[in-house]
Amino acid sequence: MKTALNISSEKNAGVSVLLEFKEMTKMGLALSVVFSTIAGYLIAVPNLGSIDLWILLALAVGGYCMVGASNVFNQIIEKDLDAKMKRTMNRPVASGRVKPLAAFILACVLTLLGIGILYAINPKTAMFGAISIFLYTSVYTPLKTITPLSVFVGAFPGAIPFMLGWVAATNNFGIEAGTLFMIQFFWQFPHFWAIGWFLYDDYQKGGFSMLPTGKRDTKTSVQIILYTIWLIIASVFPATGMTGKLYLSPVSAVLVLIAGLWMLSAGIKLYKKRTDKAARSLMLVSVTYISLIQIIYVVDKILR
């Protein structure tokens, strides 16, 4: 018979495994991606009665596996660099708590599960999921120590989730999915450059070059403002009626515009102050912004 001590040890081991899984797959980030994907799906369906709960579940699980696999592969590749930075030195693989081989097996399993589940929805959804994993792991991750253009490359897999939901619902990639892609694509730049700004010293220890000029200077802050302006334009463009079945009502367009101006003001503040505090503030605003406009898009679709 198992003793209370053995049962307690097994429970602790189970909790430990779950915690390591949470850290390796970056659960917070993965769930935000799942949120974006589901938002894209809800925007695409004709009405609430058309929602397929099985597809929603498949998107959530498949999307999580897709992002989780990318993050695990990333931590395997960057384990030695992660060990040099305060922010990442305690990650499971970098700290040595999880062996690279075990992490690699997990990443492969998540990849196969993710692509398989997304393929069950439709082949196009699986294709974009596979492209996302490939670009993030094989292109973006290696480029991070070579060129600031890595952020541009990383913006492609980062922009896929929002439009992935549309593709899952319609089995089609057209101007609608392309517009959702562009919104999240332009959002990547001010978001990640803000992170690159206030974590600049830590990134330097790991040899990462994340800012467009390589420095926390005026040119970097100007580019943040420019990409935020492009983001605002892309976000309200569906109100023109020129994006096929993707449409935004005038009232919702105003709300999206206000949210965009809020984010722009945070970018301008960084331009004026050029401090880590201002950069962190922009990052927090950007995270709130992307979730907020996705909610506005979904509610707008439901109310029409």
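Just so it is clear, the model here is predicted, and its values are computed rather than measured.

1. Focus on the environment of Met182
- Mapped onto the elements, Met182 comes out in helix H9 (residues 175–198).
- Classification of Met182 as partly exposed rests on a relative accessible area of 31%.

2. Some thoughts on the nonpolar core
- One finds Met163 and Tyr289 to be the most contacted residues of the largest nonpolar core, which totals 86 residues.
- With 13 residues, the top contributor of residues to this core is H9.
- Excluding residues within four positions of it along the chain, Met163 makes contact with Phe128, Phe173, Ala177, Leu180 and Phe181.

3. Overview of a nonpolar patch on the surface
- There is a patch of nonpolar side chains on the surface, built from Phe35, Leu48, Ile295, Val299, Ile302 and Leu303 and spanning about 570 Å² of accessible area.
- Broken down by element, the nonpolar patch gets its largest block of residues, four residues, from helix H13 (residues 276–303).
- Relative to the assigned elements, Ile295 resides in helix H13.

4. A few points about unusual backbone geometry
- Residue Lys26 is not a glycine yet carries a positive backbone phi of 50 degrees.
- Structurally, Lys26 is set in the loop between helix H1 (4–24) and helix H2 (27–44).
- Residue Asn171 is not a glycine yet carries a positive backbone phi of 55 degrees.
- Within the element layout of this structure, Asn171 appears in the loop between helix H8 (150–170) and H9.
- In this structure Asn171 comes out as partly exposed when scored by relative accessible area, which is 37%.

5. As for the confidence of the model for the protein chain
- When pLDDT is averaged along the protein chain, the result is 92; 95% of the residues meet or exceed 70.
- Averaged over each element, pLDDT in the protein chain is lowest for H1 (66) and highest for helix H12 (residues 250–273) (97).

6. Some thoughts on the pattern of salt bridges
- Taken as a whole, this structure holds seven salt bridges when the rule is applied.
- One salt bridge in this structure joins Lys79 and Asp80, with 3.3 Å as the shortest N-O distance.
- Take Lys79: its relative accessible area is 26%, and that puts it in the partly exposed class.
- Residue class for Asp80 comes out exposed when judged on its relative accessible area of 52%.
- Connected through shared salt-bridge partners, Glu20, Glu23 and Arg97 make up one network.

7. Focus on the packing of aromatic side chains
- By the definition in use, this model includes 18 aromatic pairs.
- Centroid distance Phe189 to Tyr227: 4.2 Å. Interplanar angle 25 degrees. Geometry classified as stacked. Of this pair, Phe189 sits in helix H9 while Tyr227 sits in helix H11 (residues 218–236); the two residues are 38 residues apart in sequence, bridging distant segments of the chain.
- Residue Tyr227 is classed as partly exposed on the basis of its relative accessible area of 23%.
- A network of ring pairs unites the aromatic residues Phe152, Phe156, Phe181, Phe185, Phe186, Phe189, Trp193, Tyr227 and Trp230 as a single cluster.
- Its guanidinium or amino end placed over the ring of Phe208, Lys144 lies 4.8 Å from that ring's centre, counting from NZ or CZ.
- Arg280 extends its terminal NZ or CZ atom over the ring of Phe198, reaching a point 4.2 Å from the ring centre.

What counts and how
- Residues numbered from 1 in each chain as written.
- Predicted model: local features only at pLDDT ≥ 70, side-chain atom pairs only at ≥ 80, totals over all residues.
- Heavy atoms only, no water.
- Helix = DSSP H or I, 4+ residues; strand = E, 2+ residues; numbered from the N terminus.
- Buried < 20%, exposed > 50% of the residue type's maximum accessible area, 1.4 Å probe, protein only.
- Core = buried A, V, L, I, M, F, W, Y, C linked by side-chain atoms within 4.5 Å.
- Contact = heavy atoms within 4.5 Å.
- Patch = residues over 30% accessible without salt bridge, like charges linked within 9 Å, V, L, I, M, F, W, Y side chains within 5 Å.
- Areas by Shrake-Rupley, 256 points an atom, 1.4 Å probe, with all protein chains shown as cover.
- Salt bridge = Lys/Arg side-chain N within 4 Å of Asp/Glu carboxyl O.
- pLDDT = per-residue confidence, 0-100.
- Phe/Tyr/Trp six-rings, centres within 6.5 Å; stacked < 30°, edge-to-face > 60°.
- Lys NZ or Arg CZ within 6 Å of the ring centre and 35° of its normal.

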